[in-house]
Amino acid sequence: MELKNLQESWDSFPEVSMEERPVLSSDLEKIVVKNPLSDAFYLKNKIRIRIVAGSLLLLYNIYRLRMLYKYGGPGMDQQVILFFLLSYFVYFHVRLLLFADYPALLGLRLMPFLQKIETILDKYVFSFGILSILSGFYTLTLFGKVFYFSRGGSSLLLDNGIYIWLIIIFLSVSYYILFLHTLIPKYKKLLAAVRKYKAGIGALPQKK
Amino acid sequence: MNNSMKKEGPDQDLRSLLKSQHKRVYSICRFFANNYREHQKLFADIISAASQNIRFRRGSESKQVLLLRACVNMAALHSICLDMQPDTDRSIQFKSPDYQKNMVQFRSRMGEVSDYEKMRLFLGFQNTSEIGIEDLTGPLPSKVVSSEGVKKNFIPYLKAKLIWS
């Protein structure tokens, strides 16, 4: 690559062309309010929804704990573990949202920017693990309610300690496998692409 | 009326800046876009990224630096998205014949270079001597300590797990 030739070629670009026409004010109004990050890179809304849902479930969990503490009943240990899980879930997502700092993300230098995108995607993929455990807990609660109503008030399923935990583990693993085959691959593929790009930014592109 | 003028002030400045700097944004598209559609999409993405950077800027970076960072970062994301679609047609296809001819010539003269080199060339063609490539890209991976090295020592590993970077 000769710089002189390249400069010559650069200078010979037409001053005005269909491809490089000046931006109109009306177009600019539409462009500046658009989100520059595509759906896969922009997780803000998804994280927000999780925080709201997690907070609501946490509030309900606190209410349930209070009721169990006051009046007694089965499932106290489950509710306590669920409380810690939900607290961590909300904390994790709030931390991720604050860390991502989407408004200032694109103002970073390239390498810190790619590093941050990588961390956000990595943590988001990790969050599916917590989500699958929570899904396991709540699916069991749903099953418990269905059994309770279908058997006319007796909830054998929820009274049996060891089986409850086995079912929770089984459901959590099942949910994780489900996420692993449906939602996670998209983010893992993107994460791998970001890592590859970051590692090879200074290297020559491979001929395709 | 004064209040409305005050509200419009910074936004008006931003729009004027983006309008005056549109050539600079188009310049980076020449390096990274292969067809008209990609070119227009990348241009719009960079403009919106630059507008976001300038509106939410923290610290002492100038608007020029933030605009150039938006150019470089969006170009990188564009490359990542292209790499994820290996079957995409990468031939140069533009609508106006002059532009097509210039692009083919420019790309053939440039040859196969890394994105980092493209960014350096872009910066070189912008005649911004006060802004260095490190202001836009930061240190390259070769200068950054690898995560494998971090894992050997427990405390830095734990620190890396607890403090997201």
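Quick look at the structure, then. For clarity, every value in this text was computed on a predicted model and none was experimentally measured. (Residues numbered from 1 in each chain as written. Chains lettered and ligands numbered in written order. Predicted model: local features only at pLDDT ≥ 70, side-chain atom pairs only at ≥ 80, totals over all residues.)

### A closer look at the overall build of chain B
Condition: Helix and strand labels come from DSSP, where a helix needs a run of H or I of at least four residues and a strand needs a run of E of at least two; each type is numbered from the N terminus. Here the C-beta atoms are placed from the backbone, and a residue counts as buried if at least 20 other C-beta atoms lie within 10 Å of its own, exposed if 12 or fewer do, and partly exposed otherwise. The contact criterion used here is simple: two residues whose C-beta atoms, placed from the backbone, lie within 7 Å are in contact.
Counting its regular elements, chain B contains nine helices and zero strands. In sequence order, the secondary structure elements of chain B are arranged as α-α-α-α-α-α-α-α-α. The proportion of buried residues among the 165 residues of chain B is 29%. Within chain B, residue pairs in contact and separated by at least 24 positions form 56% of the contacts whose partners lie at least 6 positions apart.

### Side note on the overall build of chain A
For the record, the criterion: Taken over C-alpha atoms, the radius of gyration is set against a globule rule of 2.2 Å times the number of residues to the power 0.38.
The secondary structure content of chain A amounts to nine helices and zero strands. Its C-alpha radius of gyration of 26 Å places chain A more than 25% over the 17 Å reference for a compact globule of 208 residues. Residue pairs at least 24 apart in sequence account for 80% of intrachain contacts in chain A once pairs closer than 6 positions are excluded.

### Details of the environment of A:Y175
Residue and element names in this part refer to chain A. Here Y175 shows up in helix α8 (residues 161–182). With 44 residues separating them along the chain, Y175 and L131 place their C-alpha atoms 8.6 Å apart. Leaving out residues up to four positions away in the same chain, Y175 has contacts with S132, S135 and G136.

### Looking at the interface of chain B and chain A
Here is the rule: The nonpolar class holds Ala, Val, Leu, Ile, Met, Phe, Trp, Tyr, Cys and Pro. Asp, Glu, Lys and Arg form the charged class, and all remaining residues, Gly among them, are polar.
With 58 residues of chain B at the interface, the matching set in chain A holds 46 residues. Elements that contribute at least two residues to the side of chain B that touches chain A include exactly α1 (2–20), α2 (22–32), α3 (36–55), α4 (63–83), α5 (97–110), α6 (115–125) and α7 (133–137) of chain B. Here the element with the most residues in the side of chain B that touches chain A is α4(B); it accounts for eleven residues. The residue makeup of the side of chain B that touches chain A, split by class, is 27 nonpolar, 17 polar and 14 charged.

### What to know about α2(B)
By the burial criterion, the buried members of α2(B) are B:V25, B:Y26, B:I28, B:C29, B:R30, B:F31 and B:F32. Against the buried residues of α2(B) lie α3, α4, α5 and α6 of chain B.

### Topic: the packing of α2(B) against α4(B)
Residue and element names in this part refer to chain B. Selection rule: In this description, a line fitted to the C-alpha atoms serves as the axis of each element, helices being fitted only across the stretch in contact, and the angle between N-to-C directions of two axes falls anywhere from 0 to 180 degrees. What sets the label is the angle itself: under 35 degrees gives roughly parallel, over 145 gives roughly antiparallel, 65 to 115 gives roughly perpendicular, and the rest give oblique. Take the far helix as your reference; a near helix turned counterclockwise from it by less than a right angle gives a left-handed crossing, and one turned clockwise gives a right-handed crossing.
Packing of α2 against α4 leaves a shortest axis separation of 10 Å and a crossing angle of 25°. Taken together, the axes of α2 and α4 are roughly parallel relative to one another. In the crossing of α2 with α4, the sense of the turn from one axis to the other is right-handed. Contact with α2, carried on its side by V25, I28 and F32, involves C71, A75, H78 and S79 of α4 and no other residues of that element.

### Re the nonpolar core
Going by this rule: Any set of buried Ala, Val, Leu, Ile, Met, Phe, Trp, Tyr and Cys residues joined through C-beta atoms within 7 Å is what this text calls a nonpolar core.
Core analysis: the biggest nonpolar cluster contains 50 residues, and B:I28, B:I46, B:I47, B:A50, B:A70 and B:C71 have the highest contact counts within it. Put simply, the parts of the chain that give this core at least two residues each are α2 (25–32), α4 (76–100), α6 (110–150) and α9 (184–200) of chain A together with α2, α3, α4 and α6 of chain B. The contact partners of B:A70, leaving out residues within four places of it in the chain, are A:L106, B:I46, B:A49, B:A50 and B:N53.

### As for helix α3 (residues 44–71) of chain A
Residue and element names in this part refer to chain A. Going by this rule: Every helix has an expected span of 1.5 Å times one less than the residues it contains.
Look at α3: 40 Å from first C-alpha to last across 28 residues, which is about the 40 Å you get at 1.5 Å a residue. For α3, the complete set of buried residues consists of I47, R50 and G54. For α3, the elements touching its buried residues are α4.

### Regarding unusual backbone geometry
In this structure, A:D101 takes a positive phi of about 45° despite not being glycine. Mapped onto the secondary structure, A:D101 falls in the loop between α4 and α5 (102–105).

### Examining the packing of α9(A) against α4(B)
At their nearest, the axes of α9(A) and α4(B) sit 10 Å apart, and the two run at 120° to each other. One element, α9(A), and the other, α4(B), form an angle in the oblique class. Like other packed secondary-structure pairs, α9(A) and α4(B) cross with a definite hand, here right-handed. Together, A:A193, A:V194 and A:Y197 of α9(A) and B:A76, B:S79, B:I80 and B:D83 of α4(B) make up the contact between the two elements. Of the residues in the contact of α9(A) with α4(B), the class split is five nonpolar, one polar and one charged.

Everything listed here is a matter of geometry and, on its own, says nothing about what the molecule does.
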